[in-house]
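# Observations on the three-dimensional arrangement
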Amino acid sequence: MRMPATSRARWVTAALAAGVLVLSGCSGGDGRKDEDRGAPQGKDKNRAENYAVGTRADSTGPAAEVPGAKKGGTVHVLQRDAFTYLDPAQIYYGDQLTVQMLFNRSLTTYKVAADGKVTLVGDLATDTGKASDGGRTWTYRLKDGLKFEDGTPITSADVRQSVERLYAKWATDGPLYIPQWLSGGGQSFRKALPDGPYKGKHLPGSVLDTPDEKTVVFHFQKPHADTPYAVAMPNVGAVPHRGGKDTGEKYTNHPVSSGPYKVGTLKAGKSLTLVRNEHWDPRTDAVRHQYPDRFDIRFGIQEPDSGRRLLADRGSDRTAMSFTNAVTIENGPAVLKDRGTAARSFNEVQPYVDYMAINMTRQKNKKVRQALAYALPNGQILGQFGGPRAGQVAGNLLSPSLAGWKDTDPYGKKTRPAGDPVKAKALLKEAGKEGQEIVYAYPNTTEYQKVAVVVAQALQKAGFRVEKKEIDSNNYSTEISKVDNRFDIYRASWGADWPVGSTVVPPLFHGDSVADGSQNYWHLKSASVDAEIDRINGMADVEAASGQWVRLAERILKDEVPAVPIFYNRQWSLWGSGLGGVKYHSVYGTADPTGVFVK
């Protein structure tokens, strides 16, 4: 998962049981008490031991009522960045993953309890799936009573449509597990259906079968025990297969709802209103509620501003929240000062790692990349977001949430959080690159304008010449995801789709994933890395593979230096006193709107 431009060590194990991925683990601390952190921080909820695969009964609606909940009213949502996409095919960022829960349903989904326990359940499907053929074939049965916003019944053909449209050349930004497992890795899968379903062609039944209106059968090339997690991604859901409602690239302007809310109005870059979907049946939904009449989402509100407004708690801001805007360093003390204010906030560990990506197409000299790694001031960057309240300095490429994680730090980021300019200068001299120019791109947000100052100062101290390039935050993700971008370094972030290294290392570091819109932000192409990814991906023992993903990530960081890990993220959220039912979504690392109500 990607986190828009806005921990504690542990080990976990993964095992296969009953043909389904089951996660378990044990958590360790980082040597500090919660009260030393200066924020109302919860325990790390995004850990593998919190994940479980639910039963058919767990998948049956309606969702349990939220205590004290009432119907009616408007929830106001204050967001810094406009949503790049509303089309489920293109959604992969935390803010968009959050909003799509209100209007989009997938085959499976996550039921997240207030204590952080995560149960994978059937969403459109009656359960989490049935495996056969040694895990190569997965069968899903749709629930009764499912309808789109216009009252049209949802059928297996609509699920097929949601999958086959991922083959179209424009569908580049979302997760690609299912089409790649069906038809080949990298971008090769697109050859199986290059135009998607838009010219009347479909995948053969031997690949994706819909034998009746209620049944969907995936026939993968290899066994995939984690299929129930992969079909929880937003792009494996339901898109109308007829009536001209799937408008391809333009579908993002009005995705057809299968959830409790539907798009009311959308003003690009300014606002989005979601209103009740009268054809959503709560008896089919084990996760969502439909308490408010509407969600009024406004964009362009910087994090310090949203924090001040929520602290003031006046007018419509009394019933306001944010999915991803965080409490900033400016507002933190005021949140902590008042017990009532602190009670309407949470500070939780996220599954994301912030990186400084290095464009390997432009910076081919390994010593220059190493110099960047030593020079960057991780601690000072984290300080612009609030220090320990916002995260923990990172030493390696993987989040502590992943199975087999080890607390390694090859560039001494934890011992030298301000960077090591002496070591960086020496490496530049060895490379004959003293005075190397670096184009540093960053979003034009309040926080990253401050970050740009400390980054530029640190790199200049290490002997680099720095050109700062500010980018509109609404377009930032698109710009850095272009293969031919003209930047040398830029911030990127990633979170595991579920706590196993197979959801991090292959999408980020396999050479086949170098393409516009992909997650290989650094453009790493290494035959030896690709071969090792392919080898580990072929392992049937998930627990054994977990440790090998960690070792490979360590090798990539040391030998290739495609990025510099900066910090492991936390989310500190605040909301108005007129809202209830706000909780942390530990899978997406955001505030969960599915049970929110107006008091």
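Residues numbered from 1 in each chain as written. Predicted model: local features only at pLDDT ≥ 70, side-chain atom pairs only at ≥ 80, totals over all residues. Heavy atoms only, no water.

### Re the packing of aromatic side chains
Our working rule: Planes of paired rings set the category: under 30 degrees apart is stacked, over 60 is edge-to-face and the rest tilted, where pairs are Phe, Tyr or Trp rings (Trp by its six-membered ring) whose centres lie within 6.5 Å. Numbering of helices and strands starts at the N terminus; helices are DSSP runs of H or I of at least 4 residues and strands are runs of E of at least 2. The classification of residues rests on relative accessible area computed with a 1.4 Å probe and restricted to protein chains. Under 20% of the type maximum is buried, over 50% is exposed, and intermediate values are partly exposed.
If you walk through the whole model with that rule in mind, you get 26 aromatic pairs. Both rings, one in Tyr 110 and one in Tyr 229, keep their centres 6.4 Å apart while their planes meet at 40°; by these two values the pair is tilted. Within this pair, whereas Tyr 110 is found in strand 5 (residues 108-112), its partner Tyr 229 is found in helix 4 (residues 227-230), the two being separated by 119 residues in sequence. Side by side, Tyr 110 and Tyr 229 carry an identical accessibility label, which is buried. Seen in terms of ring centroids, Tyr 140 and Phe 218 are 6.2 Å apart; in terms of plane orientation they differ by 75°. Their pairing is edge-to-face. With Tyr 140 in strand 8 (residues 137-141) and Phe 218 in strand 10 (residues 215-219), the pair connects residues that are 78 residues apart, well separated along the chain. Accessibility expressed as a relative area gives 0% for Tyr 140, which makes it buried.

### Let's talk about the nonpolar core
Counted only if it meets this: By convention a nonpolar core is built from buried Ala, Val, Leu, Ile, Met, Phe, Trp, Tyr and Cys residues, the set being connected through side-chain atoms within 4.5 Å. Throughout, a residue-residue contact means that at least one pair of heavy atoms, one from each residue, lies within 4.5 Å.
Counting residues in each nonpolar core, the largest one holds 125 residues, and the members touching the most others are Leu 107, Ile 178, Phe 218, Leu 459, Phe 464 and Trp 522. Sorting elements by how many residues they give to this core places helix 15 (residues 542-559) first, with eight residues. Apart from the residues lying within four places of it in its own chain, the contact partners of Ile 178 are Val 163, Phe 218, Phe 220, Ala 230, Val 231 and Val 236. Ranked by size, the runner-up nonpolar core spans 25 residues in total, among them Ala 82, Leu 86, Val 99 and Phe 346.

### Concerning the sheet that holds strand 11 (residues 261-267)
How we decide: Criterion used throughout: strands pair if DSSP finds at least two bridges between them. An axis is simply a line fitted to the C-alpha atoms; with a helix, the fit covers only the stretch in contact. Between two such axes, the angle follows the N-to-C directions and lies from 0 to 180 degrees.
The strand order across the open sheet formed by five strands is 11-12-13-4-14, and the pairing between neighbours is mixed. Unpaired on one side and paired on the other, strand 11 and strand 14 (320-321) mark the two borders of the sheet. Packed on one face of the sheet, helix 1 (residues 94-103) meets strand 11, strand 12 (271-276) and strand 13 (294-298) and runs near 30° to strand 12.

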